[in-house]
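# A look at the structure
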Amino acid sequence: MSQAKVEVGEEVDFKVPKMGESITEGSIIGWSFKEGDHFKEGDTLVEIGTDKVDNEVPAPFDGQLISIDADADDVVEIGQVIAKLKVDDQGKESAEKENAVSPSADHKVDTTKKELPQQEKPTTRSAAPQNRSDTYYIPERSNNFYSPLVLQIAKEYHISYEELARIPATGEHNRLRKSDIYKYIESGRPAQFAQPASSSNFELPDLKFDKGQGKRVKMDRMRQMIADHMVYSKHVSPHVTAYAETDLTDLVKWRNAEKEDFQQKNGVKLTFTPVFIQAITKAIKEFPMINSSLDGNQIIVKEDVNIGMATALESGNLIVPVIKNAHEKDIVTLAKEVNVLTQKARENKLTFDETKGGTFTISNVGTFGSLMGTPIINQPEAAILATGLIKKRPEVVERNGKDEIEVRHMMYLSLSFDHRIVDGYLAGSFLKNVSDILEDFNDIIR
């Protein structure tokens, strides 16, 4: 592509940059400058959130912000023009380079390769019934563009184009967003079996629940995405949870004895998390089907073991950084990565690559004082393990053929699994294996 000639003082389109292979859209979190403000090259102009991480988009050159074309909370596509910038003298060269590599503002993602349960895609949006409740039935939608993410969700739920046309859209220019389709699915897909207007007058019942009075707090963008993902996971995967308890007395004694020397030698604290991760990776080696995902009628058994760690943020939200190839790493390496990723998560500095590619997730609910939990599967994985509070309890142990009561450090393990892929025998066997490894932990600390 030939470079566009840019004159000093000329206005330049500022477009949404690429933010990862699978990212096709994001939402504006906020602008760092107002219209008319001047900025320097490298200053953060705007923050854009995706379903993974927040991205600070820097200024490509010195200049002035002439106009803002996308406000906070607007959903924007990769390559979309979201502002006009004016180039200063020192910004001319950078602007020419930016224009040479930026995608066209008119670029549209090709969605024709996505197959939905309908022979042909309708050319208009007028097929929906017109005498339905305005809540879920819209006579006509002017915007017939669907993002790849929306099409993928529709494909997984076998939602046809005709049914998509009946879902109310809240996006800019009447565009259907992922939150719209999740909300529709959560409501039971009331338009799924809709018949022509003359044969039915179905409407959603208005049950008028009393939600009570109190202070109203608007959900932030991350909390909305978490809500979407949790509802989606419960709808797509039949959840079953299995429980086990494990005796960590010896492990607790070892950690208490070694933690000071470990920190002095390796420069990082020794927590239980890397030990748990090591135990999980060894158990996955014995039961690889736990480390899988479902794609249609095929099960993808993953070769790599990438462990996601559910990490709580100060805001109360949750994010899941991923330790890649955890099965190839020792306790020291895992401890360092756990520390780095946790710190970056709390400082909102995780990159997109650090949150993608997980194959199995662990959630340490014991950190918050919970005895146990029933975690929701982190899609598209097959299972998630929750570790509870390590608590001293009187337990009956056998010594020299006699039962004795001793104070032991006990912990509950909770494994939520997708019953489409994992049955009770596999889940129970995997869970017991994790427990056995933690009780006889010498192999994982060498």
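Anyway, here's the lowdown on the structure attached to this text.

In terms of nonpolar packing, the biggest core is built from 54 residues, with Ile277, Ile307, Phe360, Leu415, Phe430 and Leu438 touching the most fellow members. Not counting the four nearest positions on each side in its chain, Phe430 is found in contact with Ile280, Ala283, Ile284, Phe287, Ile290, Phe360 and Leu415. Core analysis: the second largest hydrophobic core is formed by 24 residues, Leu45, Phe61, Leu85 and Val87 among them.

Right, let's get into the pairing of strand 2 (residues 25–31). Counting buried positions along strand 2 gives five out of seven residues, so the element sits mostly inside the fold. In the sheet, strand 2 pairs with strand 7 (residues 75–77) via three bridges, with the strands oriented antiparallel. What sits directly across from Gly26, in strand 7, is Val76. The pairing of strand 2 with strand 4 (residues 44–49) spans four bridges and is antiparallel. Paired with Ser27 across the bridge in strand 4 is Gly49.

Between helix 4 (residues 178–186) and helix 5 (residues 221–236), whose axes approach to 10 Å, the crossing angle comes to 45°. When the axes of helix 4 and helix 5 are compared, the pair comes out oblique. For the element pair helix 4 and helix 5, the recorded crossing hand is left-handed. Residues Lys178, Ser179, Tyr182, Ile185 and Glu186 of helix 4 form the contact with helix 5, whose own contacting residues are Met225, Asp228, His229, Val231, Tyr232 and His235.

The next point concerns the sheet that holds strand 6 (residues 63–68). Strand order in the open sheet formed by four strands is 1-8-6-3, and the pairing between neighbours is antiparallel. Whereas interior strands pair on both sides, the edge strands pair on one side only; in this sheet they are strand 1 (11–15) and strand 3 (38–39). The pairing of strand 3 with strand 6 spans two bridges and is classified as antiparallel. Bridging across to strand 6, His38 finds its partner in Gln64.

Here the focus is a nonpolar patch on the surface. The grouping of Tyr243, Leu371 and Met372 at the surface amounts to a nonpolar patch, some 270 Å² of accessible area in total. One can find Tyr243 in strand 9 (residues 239–247). With a relative accessible area of 42%, Tyr243 lands in the partly exposed category.

Summed over all chains, the structure comprises 15 salt bridges. The salt bridge partner of Lys84 is Asp13, with a shortest N-O separation of 2.4 Å. Here Lys84, found in strand 8 (residues 81–87), pairs with Asp13, found in strand 1; they are 71 residues apart in sequence, far enough to count as distant. Asp13 gets classed as partly exposed once you look at its relative accessible area, which sits at 27%. The closest approach of N and O atoms between Lys356 and Asp353, which form a salt bridge, is 3.9 Å. With a relative accessible area of 24%, Lys356 lands in the partly exposed category. Overlapping salt bridges, with partners in common, bring together Asp247, Arg399, Glu406 and Arg408 in one network.

Along the chain, Gln379 connects to Pro380 via a cis peptide bond; the corresponding omega equals 5°. Of note, Pro380 is situated in the loop between strand 16 (360–364) and strand 17 (383–387). A positive phi angle is found at Asp73, which is not glycine, with a value near 80°. Mapping Asp73 onto the fold places it in the loop between strand 6 and strand 7. For Asp73, a relative accessible area of 46% translates into the label partly exposed. Unlike most non-glycine residues, Asn325 shows phi in positive territory, near 50°.

The subject of this paragraph is the side chain of Asp228. Looking at the secondary structure, you find Asp228 in helix 5. Classification of Asp228 by relative accessible area gives buried; the value is 16%. For Asp228, the contacting residues outside a window of four places in its chain are Ser179 and Tyr182.

Contact pair helix 7 (residues 273–286) / helix 8 (residues 331–346): the axes reach a minimum separation of 9 Å and the direction vectors enclose 120°. Taken together, the axes of helix 7 and helix 8 are oblique relative to one another. Taken as a pair, helix 7 and helix 8 cross one another with a handedness that is right-handed. Where helix 7 abuts helix 8, its residues Thr273, Pro274, Val275, Ile277 and Gln278 lie against Ile331, Leu334, Ala335 and Val338.

Before going further, it helps to spend a moment on the side chain of Asp62. Within the secondary structure, Asp62 is located in the loop between strand 5 (54–58) and strand 6. Despite its burial, Asp62 pairs with no opposite charge; the closest candidate is Lys40, at 4.3 Å N-O. Here Glu41 takes part through its backbone nitrogen, which lies 2.5 Å from a polar atom of the side chain of Asp62.

Right, let's talk about the packing of aromatic side chains for a bit. According to the stated counting rule, one finds eight aromatic pairs in the structure shown. Ring plane angle 50° and centroid distance 5.8 Å describe the contact between Trp254 and Phe441, whose orientation is recorded as tilted. Of this pair, Trp254 sits in helix 6 (residues 249–266) while Phe441 sits in the segment after helix 9 (424–439), placing them 187 residues apart in sequence. Across the pair, exposure class does not vary: Trp254 and Phe441 are buried alike. A ring pair is formed by Phe272 and Phe276, whose centres lie 6.0 Å apart and whose planes are at 15°; its orientation type is stacked. The class of Phe276 is buried, set by a relative accessible area of 3%. Here the aromatic residues Phe33, Phe39 and Phe61 are joined through ring pairs into a cluster of three or more. The side chain of Arg255 reaches across the aromatic face of Phe272, ending 4.8 Å from its centre.

Rules used in this analysis
- Every residue gets a number counted from 1 within its own chain, in the order that chain's sequence is written.
- In keeping with the model being predicted, local features are shown solely for residues with a pLDDT of at least 70 and side-chain atom pairs are shown and tallied solely at 80 or more, while totals for entire chains, interfaces and linings include all residues.
- The basis for the side-chain values is all heavy atoms of the structure; hydrogens and waters are excluded.
- The term nonpolar core refers to a set of buried residues drawn from Ala, Val, Leu, Ile, Met, Phe, Trp, Tyr and Cys, joined through side-chain atoms within 4.5 Å.
- Exposure categories follow from relative accessible area, calculated using a 1.4 Å probe and restricted to protein chains: below 20% of the type maximum is buried, above 50% is exposed, and the middle band is partly exposed.
- Residue contacts follow a heavy-atom distance rule, with two residues in contact if any of their heavy atoms lie within 4.5 Å.
- Helical segments are the DSSP runs of H or I of at least four residues, strand segments are the runs of E of at least two, and each set is numbered from the N terminus.
- Paired strands, in this sense, are two strands between which DSSP finds at least two bridges.
- Each axis is a line fitted through C-alpha atoms, and for a helix only the stretch in contact is used; angles between axes span 0 to 180 degrees, taken between their N-to-C directions.
- Should an angle fall under 35 degrees it is taken as roughly parallel, and over 145 as roughly antiparallel, whereas 65 to 115 is taken as roughly perpendicular and any remaining angle as oblique.
- Each helix crossing is assigned a hand: it is left-handed if the near helix lies turned anticlockwise from the far helix by less than a right angle, otherwise right-handed if that turn is clockwise.
- To count toward a patch, a residue needs a relative accessible area above 30% and no salt bridge. Like charges then connect within 9 Å, nonpolar side chains (Val, Leu, Ile, Met, Phe, Trp, Tyr) within 5 Å.
- Using a 1.4 Å probe, the Shrake-Rupley method yields the accessible areas, and only the shown protein chains count as cover for residues.
- Salt bridge, as used here: a side-chain nitrogen of Lys or Arg that lies within 4 Å of a carboxyl oxygen of Asp or Glu.
- The charge count includes Lys and Arg as positive and Asp and Glu as negative, but it does not include His or the ends of the chains.
- Two N or O atoms count as a polar contact when they lie within 3.5 Å, although within protein this holds only if one can serve as hydrogen donor and the other as acceptor, and sequence-adjacent residues are included solely when both atoms are side-chain atoms.
- Stacked, tilted and edge-to-face are the three classes applied to pairs of Phe, Tyr and Trp rings, where Trp contributes its six-membered ring and a pair requires centres within 6.5 Å; stacked means planes under 30 degrees apart, edge-to-face means over 60, and tilted covers the rest.
- Each ring is checked for a lysine NZ or an arginine CZ that lies within 6 Å of its centre and within 35 degrees of its normal; such an atom marks a charge sitting over the ring.

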